[in-house]
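Descriptive analysis of the structure
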Amino acid sequence: DLIERARAEKAMRESEEKYRTVFTHMADEAMLWRLVRGRSGRIGTWRLVDINPAGLKGWGKSRDETVGKLADDIFPGETRHYMPVV
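The structure displayed is predicted, hence computed values, not measured ones.

1. Observations regarding the side chain of Asp50
The topology assignment puts Asp50 in strand β2 (residues 43–51). For Asp50, a relative accessible area of 6% puts it in the buried group. A distance of 2.8 Å separates polar atoms of two side chains, one belonging to Asp50 and the other to Arg20. Contacts of Asp50, omitting those with residues within four sequence positions, involve Tyr19, Arg20, Phe23, Ala30, Met31, Leu32, Arg63 and Val67.

Take a look at the structure:
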């Protein structure tokens, strides 16, 4: 039904707006990572999907330097200390 679909899409847009507002304005650092697996299926590293302004400020980096980048590229030589690879 088209009416139900339109309602569902509107509810999803409103939910996304709420999430984005909270994520953007929260005082704590927040980031979303995606695991990157090697050929063997083992976790090799992480790719940053999103980061809020507090996270960028804490890291002293810009969105261009971080979003979409691998943890190893954002923090060369440092990631193995706090992001265990299993």
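After that view, the rundown keeps rolling.
2. Describing the packing of aromatic side chains
Tallying each qualifying case throughout the model produces three aromatic pairs. Considering the side-chain rings of Trp33 and Trp59, the 6.2 Å spacing of their centres and the 45° angle between planes classify their relative orientation as tilted. In this pair, Trp33 sits in strand β1 (residues 31–37) while Trp59 sits in helix α2 (residues 53–59), placing the two residues 26 residues apart along the sequence. The class of Trp33 is partly exposed, set by a relative accessible area of 25%. What links up through ring pairs into an aromatic cluster is the set Trp33, Trp59 and Phe75.

Reading the values: rules and limits
- Residues numbered from 1 in each chain as written.
- Predicted model: local features only at pLDDT ≥ 70, side-chain atom pairs only at ≥ 80, totals over all residues.
- Heavy atoms only, no water.
- Helix = DSSP H or I, 4+ residues; strand = E, 2+ residues; numbered from the N terminus.
- Buried < 20%, exposed > 50% of the residue type's maximum accessible area, 1.4 Å probe, protein only.
- Polar contact = N/O pair within 3.5 Å; in protein donor to acceptor, adjacent residues only side chain to side chain.
- Contact = heavy atoms within 4.5 Å.
- Phe/Tyr/Trp six-rings, centres within 6.5 Å; stacked < 30°, edge-to-face > 60°.

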